[in-house]
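Read off the chains here:
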Amino acid sequence: MSDPIRVLIVDDHDLVRAGLVGVLSGEKGFQVVAEAADGKQALEAALRHRPDVVVMDLEMPRMGGVAATREILRALPETGVVVLTMYDDDDSVLAALRAGARGYLLKGAGRGELRSAVVAAAEGHSVFGGAVAAKVVGRATIDPAGPAIPGLTKREHDVLAAMADGLSPAAIGVRLDVSPKTARNNISMILTKLGVNDRSEAVALARRAGLGSRG
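The notes below deal with the structure included here. Predicted, not measured: the structure shown is a model, and the values here were computed from it.

1. Some remarks on the overall build of the protein chain
Helices and strands together make up the secondary structure of the protein chain, namely 10 helices and six strands. Across the 215 residues in the protein chain, those meeting the buried criterion constitute 47%. Partitioning the intrachain contacts of the protein chain with sequence separation of at least 6 by distance along the chain shows that 65% fall at a separation of at least 24. By element, 50% of the accessible surface of the protein chain is carried by carbon and sulfur atoms, the whole surface being about 10,200 Å².

In structure tokens:
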């Protein structure tokens, strides 16, 4: 059996923090190694316990979540940070991603969504809550010369655009010169990273962002 994912919980509200600890501590495969009520405590706890994943609030006293994320990743670049916040504005989302966060969920996300995000971050993947995913996808059309959608490889970005064009996995394989199986694997990873349930949700997000010839 693999070792549990070691998690640091960071939130300045005691009840929220206790709830998150309860959600993750009650499941096999997770171990909450520490808690912190602000960014400075988070940095100290991360350096002491070296967690696999940090679940990070944004608005906190002494040091906010964006600054804490940046400092933690400067010292521990292999750590995955999943932001869990009530803020879904573009500035907050992009600031967290630029600081290096691998995931961004809104408070109110289901237990399963939080657990899946922690697992994805521990494995080095990115994952975003549905409402946030639309903003992340849209970033690619705002700055087409910039990097692809955060967390997606260039190939996955190309596959998403092909999905928005209405192509089947076989047709995507022809367009990108890969096997249908590889295309299906790419699609599965895209769904996980964007935090959506099926292809139709991913296509809807992509088209709203202007991806694909039907956008």
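Still more to cover.
2. Regarding the environment of alanine 42
For alanine 42, the position within the fold is in helix H2 (residues 39-49). For the pair alanine 42 and glutamate 71, spaced 29 residues apart in sequence, the C-alpha separation works out to 9.7 Å. Ignoring sequence-local partners within four residues, the contact set of alanine 42 consists of Leu8, Val10, Ala36, Met56 and Ile72.

3. Points about the pattern of salt bridges
One pass over the full model with this rule turns up eight salt bridges. Aspartate 14 serves as the salt-bridge partner of arginine 17, at 2.9 Å between the closest nitrogen and oxygen. With arginine 17 and aspartate 14 both in helix H1 (residues 14-25), this residue pair falls three residues apart, about one helical turn. Assessed through its relative accessible area of 53%, aspartate 14 is described here as exposed. Of the charged contacts in the structure, one is a salt bridge between arginine 62 and aspartate 38, with a shortest N-O distance of 3.1 Å.

4. Re the packing of H1 against helix H5 (residues 111-122)
Closest axis-to-axis distance for the H1/H5 pair is 10 Å, and the angle between their directions is 75°. With respect to their mutual orientation, H1 and H5 come out roughly perpendicular. Touching Leu20, Val23 and Leu24 of H1 are Arg111, Leu114, Arg115 and Val118, all from H5. Per-class residue counts for the contact of H1 with H5 are five nonpolar, no polar and two charged.

5. Let's talk about unusual backbone geometry
Negative phi values dominate among residues other than glycine, just as trans dominates among peptide bonds. Non-glycine residue arginine 50 carries a positive phi angle of around 50°. Residue placement: arginine 50 occurs in the loop between H2 and strand E3 (53-56). Notably, arginine 62 is not glycine yet its phi reads approximately 70°, a positive angle.

6. Re H1
When the terminal C-alpha atoms of H1 are compared, their 16 Å separation across 12 residues agrees well with the 16 Å that a helix rising 1.5 Å per residue should span. Residues Arg17, Leu20, Val21, Val23 and Leu24 constitute the buried set of H1. In a view along the axis of H1, the buried residues occupy a sector of 160°, so they form one face of it. Among the exposed residues of H1, those pointing more than 90 degrees away from its buried face are Asp14 and Leu15. Tucked into the core, H1 has its buried residues touching strand E1 (5-10), strand E2 (30-36), E3, strand E4 (80-85) and H5.

7. Re the sheet that holds strand E6 (residues 127-128)
Strand pairing in a sheet relies on backbone hydrogen bonds, with the paired strands running either antiparallel or parallel. On the basis of which strands lie adjacent, the open sheet formed by six strands has the order E2-E1-E3-E4-E5-E6 and parallel pairing. Strands with a single pairing partner mark the edges of an open sheet, and in this sheet they are E2 and E6. Here strand E5 (residues 103-106) runs beside E6; their pairing, made up of two bridges, is parallel. Paired with tyrosine 104 across the bridge in E6 is phenylalanine 128.

8. Observations regarding the packing of helix H7 (residues 154-164) against helix H9 (residues 180-194)
Close contact between H7 and H9 brings their axes to 10 Å; oriented N to C, the two are set at 95°. What the angle tells us is that H7 and H9 run roughly perpendicular. Residues Arg155, Glu156, Val159, Leu160 and Met163 of H7 form the contact with H9, whose participating residues are Asn186, Ile187, Met189, Ile190, Lys193 and Leu194. In the contact of H7 with H9, the residues fall into seven nonpolar, one polar and three charged.

Rules used throughout
- Residue positions are given per chain, counted from 1 along the sequence in the order it is written.
- This being a predicted model, a pLDDT of at least 70 is required before a residue's local features are given, and a value of 80 or more before pairs of side-chain atoms are given or counted; all residues contribute to the totals for chains, interfaces and linings.
- The side-chain values count all of the structure's non-hydrogen atoms but skip hydrogen atoms and water molecules.
- Only runs of H or I of at least four residues qualify as helices and only runs of E of at least two qualify as strands under DSSP, and these elements are numbered from the N terminus.
- Residue burial is assigned from relative accessible area. The probe radius is 1.4 Å, only protein chains are included, and a residue is buried under 20% of its type maximum, exposed over 50%, and partly exposed in between.
- When checking whether two residues touch, look at their non-hydrogen atoms; a contact exists if any pair is within 4.5 Å.
- Under the convention used here, a 1.4 Å probe and the Shrake-Rupley method define accessible areas, while residue burial counts only the protein chains that appear.
- A side-chain nitrogen of Lys or Arg and a carboxyl oxygen of Asp or Glu constitute a salt bridge if their distance falls within 4 Å.
- Between the N-to-C directions of two axes lies an angle of 0 to 180 degrees, each axis being a line fitted to C-alpha atoms and, for a helix, fitted only over the stretch in contact.
- Under this scheme an angle from 65 to 115 degrees is roughly perpendicular, one under 35 degrees roughly parallel, and one over 145 degrees roughly antiparallel; angles in between are oblique.
- Here the nonpolar group is Ala, Val, Leu, Ile, Met, Phe, Trp, Tyr, Cys and Pro; Asp, Glu, Lys and Arg are the charged ones; every other residue, Gly included, is treated as polar.
- Multiplying one less than the number of residues by 1.5 Å gives the expected span of a helix.
- Within this analysis, the arc is defined by the directions that extend from the helix axis to the C-beta atoms.
- Strands are labelled as partners when DSSP assigns at least two bridges between them.

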